[in-house]
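# A closer look at the structure
So you can see what is in the structure, the chains are spelled out below.
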Amino acid sequence: MSNEFPLWEVFIRGQHGLSHRHVGSLHAPDAEIAIKNARDVYTRRNEGVSIWVVQSKDIAASAPGDKEPLYEPSNSKVYRHPTFFDIPDEVGKM
Amino acid sequence: MYAQEVKSTGQGVKSLEEMEPDERAFQEKINAEIKIEPKDWMPEGYRKTLIRQISQHAHSEIVGQLPEGNWITRAPTLERKAILLAKVQDEAGHGLYLYCAAETLGISRDQMTEQLLSGKAKYSSIFNYPTLTWADIGAIGWLVDGAAIMNQVPLQRCSFGPYSRAMIRVCKEESFHQRQGYDIMMKLCDGTPEQKEMAQDALNRWWEPSLMMFGPPDGDSVHSAQSMAWGIKQNTNDELRQKFVDETVPQAEYLGLTVPDPDVKWNEDRGHYDFGELNWNEFYDVLKGNGPCNKERLDARRKAWDDGEWFRDGLMAHAKKREARKMAAE
Amino acid sequence: MAGDTDKLVRDLALRMGDNALILGQRVSAWCGHAPVLEEDIALANVALDLIGQTKLWLGLAADLGAGANADDVAFLRDARAFRNSLLVEQPNGDYGATLMRQFLFDAWHYPMLNGLKDSADARVAEIAEKSAKEAAYHLERSSDFVVRLGDGSDESRARMQDALDALYPFAGELTTPDETDDALAAAGLAPDLNALGEHYDAYLDRVLSEATLTAPEGAVRKGGKAGLHTEEMGHILADMQWLQRAYPGATW
């Protein structure tokens, strides 16, 4: 079970004039397949949308505002997995 | 509203005053309905409970593909084939969203897969029953998806952000699942006597397992109080089960089918349908692995995983080659 | 004359529709069993596209007298009446064989649909217009995977070469014209398969060489277009048509 595909974060611009939004994550061996998978998983292949993918491990995230995190392993992991940031309402329009 | 009975990892009930500052801040956020995000401080028990619940939910979606997938190649019309395929595909998508949500808690999808395939992790017992006729596809959509939706709608308000957001997406996509099942049932009940009999037989077999999808009665459910305090669970098992019965009995009547429980009766005083005792021994037996299809389901998942290993390794090998070539060119 | 054209268009619709149906049927069997979840979803999309195309093509064939409606054409004909190529009825095999079969088909399907967009028959052109977009994506995907798995690990390369050896003999049928194909081309209803075949071979050369794979020599295996299928066909139909056959006249 060692050879796991890396995790990618997927950002989609649903309509022209809007910025890309984080819609979710997926696993893929490389960027091209990640983009294709993103079309299949998150857009059901709508034409004309723009997709960004970035490996989760390459995302730098700010520290949470309040307390010092006590659960260290979880903390270091979530730097790598900032999944599902911010979707709800607009998702339906994609 | 959950303020005074937070059970932290098995040490009994704690009041806000008894909590350490971190835990109190965490609980106050939940009480104020502010979402907990992956990097926020959280009690270890909360994290573990969520990993268990979300991964189990994800496994259920993936294993849940199998009984319905069993009928894709035999669906009776092109339209039914496409709808069923789209539905089973959605379940794969829902599994994917849920695995990703669990991954934010510091477990990888491969680790969760390993837990499923080794038999360590559980999935919903309902998927250990066989789909014997086309009517089972209708009954699953109508009853099993109906029960699942009832469970999932409140989870959209779950205190953990990634889980809540995954559930919002799942619920949005799932709205057609129950309807397509009921539509199959309507067609069968309007059809030939043989078709109607097929529909009744499916209802007979799926009714009780569907009611058990809400989990054991509240008195026997070990995790309920704690999960409710943590905002992971919004309703008790029995509340949801009653709601399901109340909605489903009239739907069965509309189809002209008989719910296979002689004790089902409208209770004017309660404003609910009464229903009979469920056979919980069977539930626990299936949970233990003795259901009609436990072995087949796990075998199918193991086969997919094992047979796919060369594919996954081959793609990673190519990705590494490509990376190396790119480095060499630079 | 109009009668002749209708018959030709009907034959064309059956060939296109049966290819889409039988391949869609094969591919749909993977749902729930693919090597990774993302593939499960992506491959189901391919199957959904093909089943959608089937409805359009067989609906047209039905309008031209092949049956009462698309479902009857799909579910009530016997093997000898099916007009799909032998390639698409080949078993799924391992995931590599499924992808290789898809690649060999897509590499024909996309240019074929592209050509059909200019068909003298407006109904054909309309179906092709919609389907070509889907096929373009299928081809991109299957080519990507053939290259990656061919030029992947030792095992993935060996499996893809095995798949190519087994399936390549069936590919030639797609681009080898028979009388119907010639008549369709002459009437401006469909593209010339000889020209399309050159393009097909060139495309395969390019992708297979990038994938470090070699197409085998040997005779073309054909017959499906004339209803002379492999033994696989009867089993596919036994599965696919079973419910319709077991309950004649029922609606679902």
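Everything numeric in this text was worked out from a predicted model, so none of it was measured. (Residues numbered from 1 in each chain as written. Chains lettered and ligands numbered in written order. Predicted model: local features only at pLDDT ≥ 70, side-chain atom pairs only at ≥ 80, totals over all residues. Heavy atoms only, no water.)

## Observations regarding the overall build of chain C
Heads up, the rule is: Secondary structure elements follow DSSP: runs of H or I no shorter than four residues count as helices, runs of E no shorter than two count as strands, and numbering proceeds from the N terminus. Only C-alpha atoms enter the radius of gyration; for comparison, a globular chain is expected to reach 2.2 Å times N to the power 0.38, where N is the number of residues. Think of it in three bands: with a 1.4 Å probe and only protein chains considered, a residue is buried below 20% of the maximum accessible area for its type, exposed above 50%, and partly exposed in between. The criterion used for residue contact is that any of the two residues' heavy atoms lie within 4.5 Å. Here the Shrake-Rupley method, with its probe set to 1.4 Å, supplies the accessible areas, and only the displayed protein chains count as covering residues. Charged residues are defined narrowly, with Lys and Arg counted positive, Asp and Glu counted negative, and His plus the chain ends left uncounted. Every charge is mapped to an atom, namely NZ of Lys, CZ of Arg, CG of Asp or CD of Glu.
In terms of helices and strands, chain C carries 11 helices and 0 strands. Start at the N end of chain C and walk to the C end: the helices and strands fall as α-α-α-α-α-α-α-α-α-α-α. In summary, chain C has a C-alpha radius of gyration of 18 Å against a globular reference of 18 Å for 252 residues, a match within 12%. If one aligns the C-alpha atoms of chain C with their principal axes, the spans along those axes are about 55 × 45 × 30 Å. Across the 252 residues of chain C, 61% fall into the buried class. Across chain C, every contact between residues at least 6 apart in sequence was considered, and the portion connecting residues at least 24 apart equals 82%. Accessible surface computed for chain C: about 9300 Å², of which carbon and sulfur atoms make up 51%. Put simply, chain C has 22 plus and 41 minus side-chain charges, and the middle of one group is 3 Å from the middle of the other.

## Some thoughts on the pattern of salt bridges
For clarity, the cut-off: When a carboxyl oxygen of Asp or Glu is within 4 Å of a side-chain nitrogen of Lys or Arg, the pair counts as a salt bridge.
Applying the stated rule across the entire model yields 38 salt bridges over all chains. Put simply, A:Glu32 and B:Arg322 hold a salt bridge, and the shortest N to O gap is 2.9 Å. Highlighted residues: A:Glu32 in helix H1 (residues 31-43) and B:Arg322 in helix H12 (residues 309-329), drawn from two different chains. Since its relative accessible area comes to 37%, A:Glu32 is described here as partly exposed. C:Asp11 is the salt-bridge partner of C:Lys7, the closest N and O atoms lying 3.0 Å from each other. One end of the pair, C:Lys7, and the other, C:Asp11, are both in helix H1 (residues 2-28), 4 residues apart, so they sit about a helical turn from each other. Its relative accessible area of 45% is what places C:Lys7 among the partly exposed residues. The exposure class assigned to C:Asp11 is buried, which follows from its relative accessible area of 17%. Counted as one network, the salt bridges with shared partners bring together A:Asp30, A:Glu32, A:Lys36, B:Arg322, C:Glu140, C:Asp144 and C:Arg148.

## A closer look at the packing of helix H6 (residues 161-189) of chain B against helix H9 (residues 237-255) of chain B
Residues and elements named next belong to chain B. The line we're drawing: Axis definition: a line fit to C-alpha positions, over the contact stretch in the case of helices; interaxial angles, taken between N-to-C directions, run 0 to 180 degrees. When describing relative orientation, an angle under 35 degrees is termed roughly parallel and one over 145 degrees roughly antiparallel, while 65 to 115 degrees is termed roughly perpendicular and anything else oblique. Classification used: nonpolar for Ala, Val, Leu, Ile, Met, Phe, Trp, Tyr, Cys and Pro, charged for Asp, Glu, Lys and Arg, polar for all others including Gly.
Interhelical geometry of H6 versus H9 gives an angle of 30° and a closest axis separation of 10 Å. Considering their axes alone, H6 and H9 lie roughly parallel with respect to each other. Within the contact between the two elements, H6 uses Gln178, Tyr182, Met185, Met186 and Cys189 and H9 uses Gln251, Tyr254 and Leu255. In terms of residue class, the contact of H6 with H9 is built from 6 nonpolar, 2 polar and no charged.

## Looking at the packing of aromatic side chains
All names here are of chain B. We count it as follows: Each pair of aromatic rings taken from Phe, Tyr and Trp, with Trp reduced to its six-membered ring, is defined by centres within 6.5 Å and is described as stacked if the planes are under 30 degrees apart, edge-to-face if over 60, and tilted in the remaining cases.
Taken as a whole, this structure holds 20 aromatic pairs over all chains when the rule is applied. Centre to centre, the rings of Phe26 and Trp41 are 6.0 Å apart; their planes meet at 75°, and the pair counts as edge-to-face. Of this pair, Phe26 sits in helix H1 (residues 21-31) while Trp41 sits in the loop between H1 and helix H2 (44-69), and the two are 15 residues apart along the sequence. Neither residue differs from the other here; Phe26 and Trp41 are each classed as buried.

## Some details on helix H4 (residues 109-117) of chain B
Keep this limit in mind: Arc definition: it is the arc formed by the directions from the helix axis to the C-beta atoms.
All buried positions along H4(B) are accounted for by B:Arg109, B:Asp110, B:Met112, B:Thr113, B:Leu116 and B:Leu117. Projected down its long axis, H4(B) shows its buried positions confined to an angular sector of 160°, all on one face. Lining the buried residues of H4(B) we find strand S2 (21-27) of chain A, H2, helix H3 (78-103) and helix H11 (294-307) of chain B together with helix H2 (37-66) of chain C. B:Gly119 sits one or two positions beyond H4(B) and adopts a positive phi of about 85°.

## Digging into a negative patch on the surface
Applied cut-off: Each patch is built from salt-bridge-free residues with over 30% relative accessible area, joining like charges within 9 Å and nonpolar side chains (Val, Leu, Ile, Met, Phe, Trp, Tyr) within 5 Å.
Taken together, the side chains of C:Glu179, C:Asp182, C:Asp192, C:Glu198, C:Asp201 and C:Asp205 present a region of like negative charge at the surface. If you trace the backbone, C:Glu179 turns up in helix H8 (residues 179-186).

## Overview of the sheet that holds S2(A)
Paired through their backbone hydrogen bonds, the strands of a sheet run either parallel or antiparallel. Residues and elements named next belong to chain A. In plain terms, the rule: The pairing criterion for strands is at least two bridges between them, as found by DSSP.
If you walk across this open sheet you meet the 3 strands as S2-S1-S3, and the pairing is antiparallel. Taken across any chain shown, the strands that pair with only one partner, and hence form the sheet edges, are S2 and strand S3 (50-55). With strand direction ignored, the average angle separating the axes of adjacent strands in the sheet is 30°. Direction of pairing for strand S1 (residues 7-13) relative to S2: antiparallel, over a ladder of 6 bridges. Along S2, the bridge assignment pairs Ile12 with Arg21.

## Some remarks on unusual backbone geometry
Unusually for a residue other than glycine, B:Glu33 sits at a positive phi of about 60°. Mapped onto the elements, B:Glu33 comes out in the loop between H1 and H2. In this structure, C:Thr212 takes a positive phi of about 55° despite not being glycine. Tracing the backbone shows C:Thr212 in the loop between helix H9 (193-210) and helix H10 (232-240). Assessed through its relative accessible area of 33%, C:Thr212 is described here as partly exposed.

## Brief notes about the interface of chain C and chain A
Put simply, an interface is often sized by how much accessible area is lost when its parts join up. Here is the rule: Buried area: the sum, over both parts, of the accessible surface (1.4 Å probe) that disappears when the two are put together. Side-chain atoms alone can form a polar contact between residues adjacent in sequence; in general such a contact is a pair of N or O atoms within 3.5 Å, and within protein one must be able to donate a hydrogen while the other accepts it.
Taken together, the contacts link 16 residues of chain C with 14 residues of chain A. Regarding the contact of chain C and chain A, the summed buried area is about 1300 Å², with carbon and sulfur atoms giving 51% of it. At the boundary of chain C and chain A, one finds 4 salt bridges. Salt-bridge contacts for A:Lys36 lead to C:Asp144; the nearest nitrogen and oxygen are separated by 2.5 Å. For the interface between chain C and chain A, the tally reads 8 residue pairs in polar contact (both at pLDDT 80 or more). Looking at the side of chain C that touches chain A, the element that brings in the most residues is helix H6 (residues 122-150) of chain C, giving 9 residues.

## Section: the nonpolar core
In summary, soluble globular proteins display a tendency toward joint burial of nonpolar side chains. Put simply, the rule reads: Side-chain atoms within 4.5 Å are what join buried Ala, Val, Leu, Ile, Met, Phe, Trp, Tyr and Cys residues into a set we call a nonpolar core.
In this structure, B:Tyr46, B:Trp134, B:Phe160, C:Met100, C:Phe103, C:Leu104 and C:Leu116 are the most contacted members of the largest nonpolar core, which totals 197 residues. Here this core takes 15 residues from H2(C), the largest share from any one element. If we skip the residues at most four places from it in the chain, B:Phe160 touches B:Ile36, B:Glu37, B:Pro38, B:Met42, B:Tyr46, B:Leu50, B:Ile54, B:Ala101, B:Thr104 and B:Leu105.

## As for the interface of chain B and chain C
With 46 residues of chain B at the interface, the matching set in chain C holds 50 residues. Of all residues in chain B, B:Leu78, B:Trp310 and B:Phe311 bury the most surface against chain C, accounting for 20% of the area lost on that side. At the surface where chain B touches chain C, the tally comes to 4 salt bridges. In this structure, the connection of chain B to chain C is made through 17 residue pairs in polar contact (both at pLDDT 80 or more). Where the side of chain B that touches chain C is concerned, the elements lending two or more residues are H2, H3, H6, helix H7 (193-212), H11 and H12 of chain B. With 14 residues, H3(B) is the single largest residue contributor to the side of chain B that touches chain C. Its residues placed into classes, the side of chain B that touches chain C shows 24 nonpolar, 10 polar and 12 charged.

## Here's the deal with the side chain of B:Asn294
With respect to the helices and strands, B:Asn294 occurs in helix H11. At 2.8 Å, the side chain of B:Asn294 forms a polar contact with the backbone nitrogen of B:Gly291.

That's the geometry; what it means functionally is another story.
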